[in-house]
Amino acid sequence: MQVHTETGVKPRRRSKANANSPINELVDKVLLYQPGADVDRLREAYRFTAEVHDGQKRLSGEPYVVHPVAVAGVLADLKLDLPSVIGGLLHDTVEDTLATLPEIRKVFGEEIAILVDGVTKLSRVDFTSHEEKQAENFRKMIMAMAKDIRVVLIKLADRTHNMRTLQYLAPEKQRRIAQETLDIYAPIAHRLGIYWVKSELEDLALKHLRPEIYAQLKQDVAQKKKHREKYINDVISRLSKALAEEGIDAEVSGRPKHFYSIFKKMEDQSLDFEQVYDLVAFRIVVDTVRECYESMGIVHSKWRPVPGRFKDYIALAKPNMYQSLHTTVLGPNARRIEIQIRTHDMHRVAEEGIASHWRYKEGKALQVTDIQRFTWLTQLLEWQQNLSNPQEFLHSLKEDLFPGEVYVFTPNGDLQVFPKGATVVDFAYRIHSDIGQHCSGARVNGRLAPFKYILRSGDTVEIITTEEQTPSRDWLKVAKTPRAKSRIRAWITSQQRERSVALGREILEGDFARHKLDYQHLQQEGRIDTLGKELGVKNEEGLLASVGYGKLMPRQVLAKLLPAEQLKGDKKQLEGGLERLFRLVGSRDRGVRVKGIEDVLVRFARCCHPLPGEEIAGIITRGRGVTVHVASCPTGLEADPERRVEVSWSEDAQMPRAVKIEVSCADKPGLLAAISSAISDSGVNIARAHIRTFDDKAVNTFEIMIGSSDQLRQVLQDISNVKGVYQANRVQG
């Protein structure tokens, strides 16, 4: 949260602020669903917040206290308990004012102090990069969620209000926060089952990431509003009449889909707005589960169902406890309409998610046993402990946390939930690490299947193991879940470390012998351990591994034992083994600096084509120098962490490099020329172009010469602004 003050420093405590209309409105909202709530505590929290934030302003010019009150209001909309609402009022006090956690604990008690601490960012700790700070903040939030899941609800409320007021930030910051919201916070809201928060966050993210698309959708939806409302009323009337004739008392409603879901449909299926017919979703809410299935039968007898579009989330509830029957039918005028059928209890869960299950007795928070149904949270806690690299952690969080799920059974009938694309290897590691390490295949539905078999909903899987089978690097391409990947990577790392230790010993013993140094004698004296510590590693094994990996050169070790003159005169001789392999020409021409290693061959990874301005990571490849990847590149993340080396762009790294982009658009006359014009108007040259057409759609692949990530971002934005363009993306590989 950005705080704007006139002085740029945190204000000192001032005189108490009197309660005013904002707190009265909040109190009224809380009393509607908690008539016996101790609202005096709420008023005291407001006075405290107003006092410590006194003098601070948001970038909108409003007093800063407006923000915590709005956050508390969102929590009250979720009908959360009083400590949660108070936590919302106080959530920024420790981070952005002179208030301290002990002070919060003394005034408001331990429960609220834990909530405030859980949502306080690590703003007072120095980090080497934005990614590291972001990753550690999420780690802290996840750990706090394990103790009390209200922490993440307060964080979601905070993000919701921040997104509502995002327009006051600089454009670049708007895009960064919006992307983070789309990648992480909206999916968390989905996992917690809070549909309205998820939808609002997605729409607001779209508004700032693709403003021209958002504005066009808003205009298109508004133009069809009258016709849409007429159609909705017609369908509701027909459904209500059909259900009533069968004796079912039902609430039938219809609503337009939110903008982001329409955008995703247009993008995924390359459609124009006029081609998206199911802009409206209908809902039938009944009293019992039996009536849900009866209503489904009535709907299907009235309108023809679309094959493959029926889903039963009542029999197999989603991990966030969501239950409903879903179907798509050809309704009036042969238009596709989506219909959800659920009970009143299911509807409450669908709208409020975990908040609808909130139960507090004598001030005790929801117990861990009460949230074990959220298996995704358990998995999240487990794999975040196994991922030490910030980029790897964030990549896994975005990619693996919230994809679509498949439901698979063990031979005993236990249900396991996996992300789409998960394989037998993921299943094996879910059962036990040892089973995963020795997985050689499986029986899926009674038939033999290889370990790379992709799981499908309804499969029953039995793992086959052999003692001889052990993981290989290829398994990382097969595995989908963070648990499996981290276990495979740990195995590979341990094996590689053993080999690197042996190689490092061989290299050092040889170089020591050439200088009449006795390695064994130095080892017995403890000198090798000391050398390791002097060179920044823990012990002898760490020293040998670093030499074996190529992170330390033999000359660096010998420099601690021999006079500089002797080493200088013998430099060529020392350049044996890895050092000779790393020696090179012209790393400066590549525009990249490698920390701790000079004159080393630098090459750019073809899988991600890093550009100046992007966060990068170096991977030492024995015999081929350092390969530079984009920090978030999956291939780079899967490399052995011991081989990572810190790299950075040099100041003059602006040499244009070839980058592939793919543009999906309508197949209309003049559109290709408009796209080409948008590229050239950005000052970018097109090196190659390849055009493919499918029915009324075109997919254009361009190879363009780009000097920086900012330039690429601007080009993609300019292309996206061309009317008729569905999507413009960078292509990796």
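Residues numbered from 1 in each chain as written. Predicted model: local features only at pLDDT ≥ 70, side-chain atom pairs only at ≥ 80, totals over all residues. Heavy atoms only, no water.

**A closer look at the overall build of the chain**
Scanning the chain from N- to C-terminus turns up 32 helices and 21 strands. Intrachain contacts of the chain at a sequence separation of at least 6 include 67% that bridge at least 24 residues. A total accessible area of about 34800 Å² is found for the chain, and carbon and sulfur atoms account for 49% of it. (Helix = DSSP H or I, 4+ residues; strand = E, 2+ residues; numbered from the N terminus. Contact = heavy atoms within 4.5 Å. Areas by Shrake-Rupley, 256 points an atom, 1.4 Å probe, with all protein chains shown as cover.)

**Some thoughts on the packing of helix 6 (residues 101-108) against helix 7 (residues 110-119)**
Taken N-terminus to C-terminus, the directions of helix 6 and helix 7 make an angle of 145 degrees; their axes are 7 Å apart at the nearest point. Seen along the crossing, helix 6 lies across helix 7 with a hand that is right-handed. Contacts from Leu 101, Ile 104, Arg 105 and Phe 108 in helix 6 reach Glu 110, Ile 112, Ala 113, Val 116 and Asp 117 in helix 7. Within the contact of helix 6 with helix 7, the residues separate by chemical class into six nonpolar, no polar and three charged. (Axes fitted to C-alpha atoms, helices over the stretch in contact; angles between N-to-C directions. Left-handed = near helix turned anticlockwise from the far one by under 90°. Nonpolar A, V, L, I, M, F, W, Y, C, P; charged D, E, K, R; others polar.)

**A closer look at the packing of aromatic side chains**
Tallied over the entire structure, the rule returns eight aromatic pairs. Consider the rings of Tyr 214 and Phe 259, whose centres lie 5.3 Å apart with planes at 75 degrees: the pair is edge-to-face. Here Tyr 214 is found in helix 12 (residues 211-223), whereas its partner Phe 259 is found in helix 14 (residues 259-269), with 45 residues between them in sequence. We note that Tyr 214, like Phe 259, is buried. Sitting over the face of the ring of Trp 303, Lys 302 holds its NZ or CZ atom 5.5 Å from the ring centroid. One cation-aromatic arrangement involves Arg 335 over Tyr 231; the distance from NZ or CZ to the ring centre is 4.1 Å. (Phe/Tyr/Trp six-rings, centres within 6.5 Å; stacked < 30°, edge-to-face > 60°. Buried < 20%, exposed > 50% of the residue type's maximum accessible area, 1.4 Å probe, protein only. Lys NZ or Arg CZ within 6 Å of the ring centre and 35° of its normal.)

**Side note on the environment of Lys 318**
Looking at the secondary structure, you find Lys 318 in the loop between strand 4 (311-312) and strand 5 (325-330). In this structure, the C-alpha to C-alpha distance between Lys 318 and Arg 191, residues 127 residues apart in sequence, is 9.0 Å. With sequence-adjacent residues up to four places away left out, Lys 318 is seen in contact with His 190, Tyr 313 and Tyr 407.

**Description of the confidence of the model for the chain**
Per-residue confidence for the chain gives a mean pLDDT of 80; residues scoring 70 or more make up 79%. Predicted confidence is poor over residues 1-20, with pLDDT under 50, and the contacts of this stretch with residues over four places away or in other chains come to 47 contacts. Across residues 122-126 the pLDDT falls below 50, and counting only partners more than four positions away or on other chains, this stretch makes 11 contacts in the model. (pLDDT = per-residue confidence, 0-100.)

**Describing the pairing of strand 7 (residues 405-409)**
Consecutive residues of a regular strand have side chains that alternate between opposite faces of the sheet. Of all five residues in strand 7, four are buried, a share of seventy percent or more. As defined by bridge partners, strand 7 adjoins strand 8 (residues 415-419) across five bridges and the pair is classed as antiparallel. Within the sheet, the bridge partner assigned to Glu 405 lies in strand 8 and is Pro 419. Taking the residues between adjacent antiparallel strands as the criterion, strand 7 and strand 8 are bridged by five residues, where Gly 413 takes a positive phi near 90 degrees. (Pairing = 2+ DSSP bridges.)

**Re the environment of Leu 169**
Considering the arrangement of structural elements, one finds Leu 169 in the loop between helix 9 (150-164) and helix 10 (171-191). Residue Leu 169 is classed as buried on the basis of its relative accessible area, which comes to 16%.

**Looking at helix 10**
Helix length check: helix 10, at 21 residues, gives a terminal C-alpha distance of 29 Å against a target of 30 Å (1.5 Å per residue), a fit within 8%. Looking one or two places after helix 10, you find Gly 193, whose phi comes out positive at around 80 degrees. (Expected span 1.5 Å × (residues − 1).)

**Quick word on the side chain of Ser 720**
With respect to the helices, strands and loops of the structure, Ser 720 is situated in helix 32 (residues 709-720). By relative accessible area, Ser 720 is classed as buried at 7%. With residues up to four places along the chain from it excluded, the contact list for Ser 720 reads Arg 210, Glu 212, Val 725 and Ala 728.

**Here's the deal with the sheet that holds strand 10 (residues 447-449)**
Pairing within the open sheet is antiparallel, and its three strands lie in the order 10-9-11. Only two strands of the sheet have a single partner each, and these edge strands are strand 10 and strand 11 (461-465). The sheet shows a mean angle of 30 degrees between the axes of neighbouring strands, direction not considered. Running at roughly 100 degrees to strand 9 (residues 439-444), helix 19 (residues 424-431) makes contact with strand 9 and strand 11 of the sheet.

**Re the nonpolar core**
Among the nonpolar cores identified, the biggest contains 98 residues, and Leu 42, Leu 89, Leu 90, Ile 104, Ile 284 and Ile 339 are the most heavily contacted of them. Among the elements that take part in this core, helix 10 stands out by supplying eight residues, more than any other. Not counting chain neighbours up to four residues away, the residues in contact with Leu 42 comprise Ile 23, Leu 26, Val 27, Val 30, Leu 82, Val 85, Ile 86 and Leu 89. Judged by nonpolar contacts, the second largest core, of 23 residues, contains Leu 611, Leu 671, Ile 704 and Ile 706. (Core = buried A, V, L, I, M, F, W, Y, C linked by side-chain atoms within 4.5 Å.)

**Regarding the sheet that holds strand 13 (residues 602-604)**
If you trace the four strands from one edge of the open sheet to the other, you get 13-15-14-16, paired in mixed fashion. Both edges of this open sheet fall to strand 13 and strand 16 (644-645), since each of them pairs with a single strand only. Pairing of strand 13 with strand 15 (residues 625-630), which is carried by three bridges, proceeds in the parallel orientation. Within the sheet, the bridge partner assigned to Phe 604 lies in strand 15 and is Val 628.

**Focus: the side chain of Ser 433**
Looking at where Ser 433 falls in the secondary structure, it is placed in helix 20 (residues 433-437). Judged by relative accessible area, which is 18%, Ser 433 ranks as buried. Within the structure, Ser 433 has its side chain in polar contact with the side chain of Arg 487 (distance 2.8 Å). Dropping the residues within four chain positions of it, Ser 433 is found in contact with Arg 483 and Arg 487. (Polar contact = N/O pair within 3.5 Å; in protein donor to acceptor, adjacent residues only side chain to side chain.)

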